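# Coordinate inspection notes
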Amino acid sequence: MGYSDSGDGIAAQVKEQADIVQVIGECVELKKAGVRYLGLCPFHGEKTPSFSVHPGQQFFHCFGCGASGDVYSFLMKYHNLDFPEALKDLARRYQIEIPERQQSAQEKEKERLRKAMFAVNEKVASIFRDYLLKSPKAAGARRYLEERQIPLQTQEQFKLGYAPSPDAVGWDFLGSQLNREESQIAESLGLLVKKENGGTYDRFRDRVLFPLFDRQGRTIGFGGRIVGEGQPKYMNSPESLVFSKSNSLLGLYQQGDAIRRNQQAVLVEGNFDLVSLVVHGCANVVAPLGTALTVQQIKLLKRYADECVLLFDGDTAGVKAAMRSVPLFLSEQMAGKVALLPVGHDPDTFIREKGLVALEKLLAEALPLPEFTLSQLVEEHGLTLDGKGRIIEALRPLLQAAASPLQRSLMLSHFSETIGIPAEELGTAITVASPPSAPPPPSPPPEHERRRPVEQERLVPLTPSQKRLLSYMVLYPASFARLAEAGLRTCLTGTIGEIVFLQLMDLLRKNSVVEPEELLVGLPEGGERRLVADVLLNSAAESDALHSQGTEDELDELLLWLKKEKLVKKSEQLMQKIRECSQGNKSTDLQQLLREKMEVDKKMQSLRPKNLL
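Residues numbered from 1 in each chain as written. Predicted model: local features only at pLDDT ≥ 70, side-chain atom pairs only at ≥ 80, totals over all residues. Heavy atoms only, no water.

## Looking at the environment of Ala258
Convention followed: The numbering of helices and of strands both runs from the N terminus, where a helix is a DSSP run of H or I of at least 4 residues and a strand a run of E of at least 2. What makes two residues a contact is simply this: any of their non-hydrogen atoms within 4.5 Å.
Secondary-structure assignment places Ala258 in helix 10 (residues 252-262). Ala258 sits 46 residues away from Tyr304 along the chain, and the two C-alpha atoms are 9.1 Å apart. Excluding residues within four positions of it along the chain, Ala258 makes contact with Ala283 and Asn284.

## With respect to the sheet that holds strand 6 (residues 161-163)
Stated formally: For two strands to be treated as a pair, DSSP must find no fewer than two bridges joining them. To get an axis, fit a line to the C-alpha atoms, keeping to the stretch in contact for a helix; angles then go from 0 to 180 degrees between the N-to-C directions.
One open sheet accounts for 4 strands, arranged 6-9-10-11; its pairing is antiparallel. Because the sheet does not close on itself, it has two edges, and the strands there are strand 6 and strand 11 (234-236). Here the strands of the sheet are splayed against their neighbours by 35° on average, with no regard to which way each runs. Strand direction decides the pairing type here: strand 10 (residues 219-226) and strand 11, joined by 3 bridges, are antiparallel.

## Considering helix 9 (residues 180-188)
The criterion, for reference: Only protein chains enter the accessibility calculation, which uses a 1.4 Å probe; a residue is then buried when its area is under 20% of its type maximum, exposed when over 50%, and partly exposed in between. To obtain the arc, one takes the directions from the helix axis to the C-beta atoms. Any pair of nitrogen or oxygen atoms within 3.5 Å is treated as a polar contact; in protein, a donor-acceptor pairing is required on top of that, and neighbouring residues in sequence qualify only through side-chain atoms on both sides.
Burial in helix 9 covers these residues: Glu182, Ser183, Ile185 and Ala186. Taken down its axis, helix 9 places every buried residue within 160° of arc, on the same side. Each element contacted by the buried residues of helix 9 is listed here: helix 5 (105-134) and strand 7 (192-194). Two to three positions downstream of the cap, the backbone nitrogen of Glu181 sits 3.1 Å from a side-chain oxygen, assigning the N-cap of helix 9 to Asn179. Of the residues trailing helix 9, Gly190 is marked for its positive phi of about 85°.

## A few points about the pairing of strand 3 (residues 51-54)
Side chains Phe51 and Val53 of strand 3 all project onto a buried face; the interleaved residues Ser52 and His54 project onto the opposite face, where all are buried too. With 3 bridges connecting them, strand 2 (residues 36-39) and strand 3 associate as antiparallel partners. What sits directly across from Leu38, in strand 3, is Ser52.

## Section: the sheet that holds strand 15 (residues 335-340)
Taken in spatial order, the 5 strands line up as 13-12-14-15-16 in an open sheet, and their pairing is mixed. The sheet is open, and its two edges are formed by strand 13 (285-286) and strand 16 (367-368), each paired on a single side. The sheet contact formed by strand 14 (residues 307-312) and strand 15 spans 6 bridges and is parallel. Its bridge partner lying in strand 15, Val309 is registered against Lys337.

## Looking at the packing of helix 5 against helix 9
Condition: Working rule for angles: under 35 degrees goes down as roughly parallel, over 145 as roughly antiparallel, 65 to 115 as roughly perpendicular, anything else as oblique. As a working rule, the residues Ala, Val, Leu, Ile, Met, Phe, Trp, Tyr, Cys and Pro are called nonpolar, Asp, Glu, Lys and Arg charged, and the rest polar, with Gly in that last group.
For the pair helix 5 and helix 9, the least separation of the axes is 9 Å and the interaxial angle reads 95°. Relative to helix 9, the element helix 5 lies roughly perpendicular. In this structure, helix 5 contributes Arg112, Leu113, Ala116, Met117, Val120 and Lys123 to the contact, and helix 9 contributes Glu181, Glu182, Ile185, Ala186 and Ser188. When grouped by side-chain class, the residues that make up the contact of helix 5 with helix 9 number 6 nonpolar, 1 polar and 4 charged.

## Side note on the environment of Leu470
Structurally, Leu470 is set in helix 20 (residues 464-475). Linking Leu470 and Leu488, residues 18 residues apart in sequence, is a C-alpha distance of 8.7 Å. With residues up to four places along the chain from it excluded, the contact list for Leu470 reads Leu462, Leu492, Gly497, Val500 and Leu531.

## Section: the pattern of salt bridges
Put simply, the rule reads: Note on definitions: salt bridges are taken to be side-chain nitrogens of Lys or Arg within 4 Å of carboxyl oxygens of Asp or Glu.
One pass over the full model with this rule turns up 25 salt bridges. Glu557 is the salt-bridge partner of Arg468, the closest N and O atoms lying 3.1 Å from each other. Highlighted residues: Arg468 in helix 20 and Glu557 in helix 26 (residues 552-584), separated in sequence by 89 residues. A residue is classified by how much of its surface remains accessible, and Glu557, at 14% relative accessible area, is buried. Residues participating in the shared-partner salt-bridge network are Glu26, Asp89, Arg92 and Arg93.

## Structural notes on the pairing of strand 15
Where we set the bar: Handedness is read with the strands pointing away from the viewer; a crossover is right-handed when the path from the first strand over the helix to the second is clockwise.
Handedness of the β-α-β unit built from strand 14, helix 13 (residues 316-332) and strand 15 comes out right-handed. In this structure, strand 15 lies alongside strand 16, joined through 2 bridges in antiparallel fashion. Looking at strand 16, one finds that Val338 is bridged to Leu367.

Now the structure itself:
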């Protein structure tokens, strides 16, 4: 078979030949259930299977944690691969040759250098690890780790090493163990520093070293904590072709599975805070590398969890760090919370003194970041006229970072209650504008299909009748046209169901046949997706398989109800006009309206569904 040179074409052909059940079945025990396969989700802890694989449509979905996608998505998420790596892995499995694009000389050199950097970092990590374990001159470092209650098992888990002091081994300990080419690479990685008069010296000296890993487990750099006296206390490798502080998190490689199982990441500020929490049983923990939390790091965490709790010291610096992170979580639509430690404690001292149960209680009581920020602002500025002005000014970046109009609307409503200013006035005062970094909004639908701006309307809860109609629409997309013609959108106007209606309508425009799970995958994270997932989950619990169409009797009943509902609204509208005409003494118009209402009411009486919704 010939393959296109297009990457997209090759990806599609590999996916077409791949057996998603076979690929996922190597990692998850799957059992056939109707037209799908079910198993325990590998991305979060569960005892009842909610992980569903659909061979016909070639995708998976977990009704528990919301993870979904195709065979590439699974490989990327489960094995921490990027897309090219997942494509190559899948192609190898099915013996499909991928045409290699001709690389430029510059690209080849860059790739060669990257591989050499990973290799040197790996060798350096082994040198420092062996020195910590075996050298008599590392006794002080071993004693330091014992005093911090870091057992050998955990030291091995994090591959801890020790860069010796120049007093013990001189200034060129590392350089003396590398050949010329490795030394040049180590210099470009910042592990060796060039002297003005020639030669090099070691960057890391008298420090316990934490190798830093990417998601594939490759060593990308090091973080070092000084053992004796000296500054800085913590030091990281400088930025390089393979290492970027803002794109890395200490512990994510080791603790990623625990974070997935908990669907929550606990973020601490120090290397030993992280290791100490792991030692004492809090496994779902990571740490930035001596810098403030970044958007890129939150994007990394979103691959593993729905929520992040910032576990910070209760001093002013900890509070400020938590408040600075709020816009980042809002813009990435990840739930962020903050748990402040008692004054005088850091995570390491707290868990060693108070234990895991006390820590878990503290984490369970963590406040959502926007609420925490508002409470801190009120505490700092008070609710005087001047204080409210300062609070409004401080809230501006938070509202600008909101990822959607609905999110802004909810925040304005919530903040206004505390501040004592109507939401509309608060919104005007803050003059919310979309942040420059926000992704462009999707193209608006045609004029006749547009909803009113979310800021001007509140989504109302679905009634039982609306829920039943929505469920039928979701489960049996083949009936969508008849339901739409009968006025389903009008029935759902102003509810979350209208958004689902519009999404399904868009899918059916592109494809004549749509499966219910395709609707689920196409919806963004949020209430709409949870609603559709609930519908599918309840259906899966009731039957072995979703059929492409429901019973004709049930559809007839729903269409009849919609028809009657339209007549009810028409009758109400006529009644309103009758009242207005009565007040204006327009007898001619009044007689006409009365006749119309009688006709509508007569039609309503003739419609009698067997089972009223």
